[in-house]
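Report on the structure
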Amino acid sequence: MGNLQAFESIKKVSDKGVSVVIPMPIQVVIDDVGWWSGEDGSERQEPYRTGISRNHVPGDYQAIVELGKALGIRPQAAIVLGEWDKQNILRKVPHSTWMGKKWDNSKWVGPWLEEAADIINNNKDNFEITMHGLGHEWWTDGKFTRAEWAANNGVMRPKEDIERHLDAFAEILKQNNLGELPKSFVPTAFRHGFGVTPGNEVSIAELLAKRSFTYINTPFEIMLNKEHVKHGPFGVDSGILTVDRGNDLLDWYKIGGKPEGTINGSTCGMHWPNLLHEDPERNLEIVERWVKLLAPYNDMQTTILAKNSVFFQQQLVHHKYTKMKVNDGTIILNFTDTNQLSTIISNNELTVKVSSNRELVFSSDSINIVSISSKKENNSILYILNFRKKDYEGAIVSFV
Ligand SMILES: [Zn+2]
């Protein structure tokens, strides 16, 4: 595990052979899911899409599910829905496609839509729909600029357009029985502004919060107003947790490929082709590589793979702000700083990992211990404790 040293600096408190960590959660986010054409059409004013030299198939959705099942997680599929439009409603949504009012999606309407929707709907614990966009870019008179939700410099597109694109996204989900608007968002081409951007009176976060979104994932490096972020790896924008995606391990157009290196933040970001094989029958070979890369982050004391994005949001806040002490058979948790954040999602649940040189029994009157699991490794035992808060301000957990 030499390449995971980056996480050794994560704060750990210890006493007499027992060490305690609130591990950093790692969320898997997969962009540009949803295209049926794989073509990178950018040279002829069509979207970048995935760049894979074949059409996409329902098996490409199954690949995401298999990654989720193998790791016990719910990967976020940041989805583009233009090619799921069965009724050509995008004709009436300005700037959404290269064809404008002549939008015709008939070539991508077929049984594969239902097959893919079934895979998504039958595997909700291992596949989360995250909003990415309709057409990914922003077209004016048949020519695109980047990107759909914000201009190249991160300034939000006009509010009326944002609302229309949100309505259309919800409508296409409905056409395909894919449920309501999701609660998470990845801006296309990562063009995004934190808070209100020049020429606007509201932020996109505020518009999304009104539609029950709770969380945005995007790299801060190119985000407009990043200097307004107050909490390092994440910010709170109209109650929406906005998380720094950092850098992906692979380039967006890399098909298959061998993921290697260290995830250096709380997001394992990738693009759909990174998880797929040119021959869809062989997708699982690529999925297996990601499982191998990611599994150690669950095994370490300092990190944990987020089982879903709600857990992720809560755990990230606890990881950053909840204070801990351990002494004489007690773990003391203090939520004062954590509670200062006004995120839409509550911080009711958290996970703590305890490493010990002997077997321990845990108990508490001030917090619910939802579950405890453990794993023996060499001369120590690693416990994973899932808590649900009872008391708002803090908790004491005893162990013997
Ligand atoms: Zn994208």
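To keep things clear, this report deals only with the structure shown in the data block. Everything quoted here is computed from the prediction, not taken from an experiment.

1. Re the overall build of the chain
Summing up its helical and strand segments, the chain has six helices and 20 strands in all. For the chain, the C-alpha radius of gyration of 22 Å lies close to 21 Å, the compact-globule estimate for 400 residues. In terms of overall dimensions, the chain has C-alpha extents of about 70 × 50 × 35 Å along its principal axes. When the 400 residues of the chain are sorted by exposure, 56% land in the buried category. A separation of at least 24 residues holds for 72% of the contacts in the chain among residues at least 6 apart in sequence. Working note: accessible area of the chain is about 17000 Å², and carbon and sulfur atoms make up 47% of it. Considering the chain, the positive charge centre built from 44 side chains and the negative charge centre built from 50 side chains are found 2 Å apart.

2. A word on the nonpolar core
Counting residues in hydrophobic clusters, the biggest one holds 72 residues, and the most contacted among them are Y61, L67, W84, W290 and L294. Of the residues forming this core, the biggest block, seven residues, is contributed by helix α5 (residues 283–299). Excluding its chain neighbours within four sequence positions, the residues that come into contact with L294 are V28, L67, L71, I263, C268 and L305. Counting 21 residues, the second largest nonpolar core, distinct from the first, contains V326, I331, V354 and L360.

3. Here we look at the side chain of T97
Mapped onto the fold, T97 is located in the loop between β4 (76–80) and α2 (111–121). Of note is the side chain of T97, whose polar atom sits 3.2 Å from the backbone nitrogen of M99. In this structure the side chain of T97 is engaged in a polar contact, spanning 3.2 Å, whose partner is the backbone nitrogen of G100. The contact partners of T97, leaving out residues within four places of it in the chain, are L90, W103 and W139.

4. Structural notes on the packing of helix α1 (residues 58–71) against α5
Two elements in contact, α1 and α5, have axes separated by 9 Å at closest approach and are oriented at 30 degrees. With respect to α5, the element α1 is oriented roughly parallel. As for how α1 packs across α5, the hand of that crossing is right-handed. Of the residues in α5, those in contact with G59, D60, A63, E66, L67, A70 and L71 of α1 are N283, L284, V287, W290, V291, L294, A295 and N298. Along the lines of polarity and charge, the residues of the contact of α1 with α5 split into ten nonpolar, three polar and two charged.

5. Describing α2
Those residues of α2 lying buried are L113, A116, A117, I119 and I120. All buried residues of α2 lie within an arc of 155 degrees about the axis, which places them on one face of the element. Exposed residues pointing more than 90 degrees away from the buried face of α2 are listed as P111 and E114. Each element contacted by the buried residues of α2 is listed here: α1 and β5 (128–133).

6. Structural notes on the coordination of the zinc ion
Binding of the zinc ion to the protein goes through D32 (OD), H132 (NE2) and H136 (NE2), at separations of 2.1 to 2.2 Å. Each donor residue of the zinc ion belongs to the same chain, and together they define the spacing D-x99-H-x3-H. Taken as a pair, D32 in strand β3 (residues 24–33) and H136 in the loop between β5 and β6 (138–140) lie far apart in primary sequence, 104 residues in all. For H136, a relative accessible area of 6% corresponds to the buried category.

7. Description of the pairing of strand β10 (residues 234–237)
Pairing analysis gives four bridges linking β10 to strand β11 (residues 240–244), with the strands arranged antiparallel. Within β11, the residue paired with F234 across the bridge is V243. Between β10 and β11, which pair antiparallel and follow one another directly, the connecting turn spans two residues, one of which, S238, has a positive phi of 50 degrees.

8. Digging into helix α3 (residues 159–175)
With 17 residues, α3 extends 24 Å from end C-alpha to end C-alpha; this agrees with the ideal 24 Å at 1.5 Å per step. Buried residues of α3: D161, I162, H165, L166, A168, F169, I172, L173 and Q175, and no others. Looking at the buried positions of α3, the neighbouring elements they touch are β4, β5, β6 and α4 (204–210). Just downstream of α3 lies N177, where phi reads positive at about 55 degrees.

Conventions we followed
- Residues numbered from 1 in each chain as written.
- Predicted model: local features only at pLDDT ≥ 70, side-chain atom pairs only at ≥ 80, totals over all residues.
- Heavy atoms only, no water.
- Helix = DSSP H or I, 4+ residues; strand = E, 2+ residues; numbered from the N terminus.
- Rg over C-alpha atoms; globule rule 2.2 N^0.38 Å.
- Buried < 20%, exposed > 50% of the residue type's maximum accessible area, 1.4 Å probe, protein only.
- Contact = heavy atoms within 4.5 Å.
- Areas by Shrake-Rupley, 256 points an atom, 1.4 Å probe, with all protein chains shown as cover.
- Lys, Arg positive; Asp, Glu negative; His and termini not counted.
- Charge placed at Lys NZ, Arg CZ, Asp CG, Glu CD.
- Core = buried A, V, L, I, M, F, W, Y, C linked by side-chain atoms within 4.5 Å.
- Polar contact = N/O pair within 3.5 Å; in protein donor to acceptor, adjacent residues only side chain to side chain.
- Axes fitted to C-alpha atoms, helices over the stretch in contact; angles between N-to-C directions.
- Parallel < 35°, antiparallel > 145°, perpendicular 65-115°, else oblique.
- Left-handed = near helix turned anticlockwise from the far one by under 90°.
- Nonpolar A, V, L, I, M, F, W, Y, C, P; charged D, E, K, R; others polar.
- Arc of directions from axis to C-beta.
- Donors = N, O, S within 2.8 Å, 3.2 Å for Na, K, Ca; no water.
- Pairing = 2+ DSSP bridges.
- Expected span 1.5 Å × (residues − 1).

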